[in-house]
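Summary of structural features
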Amino acid sequence: MTVRRPGASARASAGRGGRPVLAIAAVAALLGGCSANGDFGRVKTGLVRDGIHDWMGPAAAQQAGLPVSAFPYTEDERLMRDLAFPLIEVPYERQRWYSIIEEYGINRGIQQQWFVFNIAAYEQVLMQTAFRSATARYGKLNDDIRNDVTRLPYWVTVARRVLDMDIKRGKSLQHVNGLTPGEAANAQARMAENALIMSWVQQSLVNRAASYGYAMERLVIATPLPAAVEVERSLTLLKARIAEARLLPGPEITPGTIVLVPPYPLPSMPVVSKSVPVAAAPLAGPAVAGAPLPAAAPPAGPSFVSLVGQ
């Protein structure tokens, strides 16, 4: 697409990462020249709408090769997604002008940097960004860590409510009169979507803590300052909060590529098949319609599949 300006030659334009100029222009008009984010990097209240992060469940399910539920969201399911996104999006993207594109899911997909682990990525951006002083760079690192510490408890509270209701929902499927295959499939698919997001956040948090530690060590080498002590304290607190926030069973989470957890990993939950739920749109990509998972006794822990190569 070309954009012509009065008195200037036509210049080819393209959005970030190949995004259409039209989408970027629409976002620019939406923002009206103002910053998209408020405190802690959240989207400003005037720009928020219901369902801003509804795309996350279907995107995660598609990456895992599972069907998408056609059931509506509960308030807690929607809130859990809203609170999960800032814990998944890389910290250095939060204040960019195009962050509203990701917030609204305009691209309808998962960015590679959200699930491919690069421990040095945060440090590289931090060191390449201009700051007035070395102390300010330490301050930026500490602020990012503290923002995650602040966000995490609220997300955990909501996610635990969702998890509790899904356990009850899974048990109730055996006692619903006249339960149709479509209803059962959609319920199972929604429980799987919720679990995928919980697993996604848990791995993302471990990765972020590792990246913060890597950046702190490089700062100490490059510009040693007493401010490193406060950063180390904040990082220790974040790691403690992450350990307390573990929701799903399974092996110890270590820094690495994001993994998702199909089927739902709790013994009380029904097995989730890859058949498409009734009234749900067929999935493109790795999902195989009508190909249920092999019947087997529930394993001691969840089975993990990597997003890479899916």
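Reading guide: rules and limits
Residues numbered from 1 in each chain as written. Predicted model: local features only at pLDDT ≥ 70, side-chain atom pairs only at ≥ 80, totals over all residues. Heavy atoms only, no water. Salt bridge = Lys/Arg side-chain N within 4 Å of Asp/Glu carboxyl O. Helix = DSSP H or I, 4+ residues; strand = E, 2+ residues; numbered from the N terminus. Buried < 20%, exposed > 50% of the residue type's maximum accessible area, 1.4 Å probe, protein only. Phe/Tyr/Trp six-rings, centres within 6.5 Å; stacked < 30°, edge-to-face > 60°. Lys NZ or Arg CZ within 6 Å of the ring centre and 35° of its normal.

Concerning the pattern of salt bridges
- With the rule as written, the count across this model stands at 15 salt bridges.
- When the shortest N-O distance is used, the salt bridge between Arg 146 and Glu 230 registers 3.6 Å. Taken together, the residues Arg 146 in helix α6 (residues 134–172) and Glu 230 in helix α8 (residues 227–244) connect sequence positions 84 residues apart.
- Between Arg 233 and Glu 230 there is a salt bridge; the shortest N-O distance is 3.8 Å. In this pair, Arg 233 and Glu 230 both sit in helix α8, three residues apart, roughly one turn of the helix.
- For Arg 233, a relative accessible area of 55% gives the class exposed.
- Each of Glu 77, Arg 81, Asp 166, Arg 169, Arg 190 and Glu 193 takes part in salt bridges that share partners, so that together they form one network.

Here we look at the packing of aromatic side chains
- Taken as a whole and assessed by the stated rule, the structure comprises two aromatic pairs.
- Residues Trp 55 and Phe 85 carry aromatic rings whose centres are separated by 6.0 Å and whose planes lie at 75° to one another, so their mutual orientation is edge-to-face. Note that Trp 55 is positioned in the loop between α1 (21–31) and α2 (56–64) and Phe 85 in helix α3 (residues 75–88), a separation of 30 residues in sequence.
- Judged by centre distance (5.2 Å) and plane angle (85°), the rings of Tyr 122 and Tyr 212 are edge-to-face. Separated by 90 residues along the polypeptide, Tyr 122 in helix α5 (residues 121–128) and Tyr 212 in helix α7 (residues 181–222) bring together distant segments of the chain.
- Directly above the aromatic system of Tyr 73 lies the positively charged group of Arg 190, at a separation of 4.2 Å from the ring centroid.
- The ring of Tyr 214 carries the charged tip of Arg 218 above its face, separated from the ring centre by 3.8 Å.

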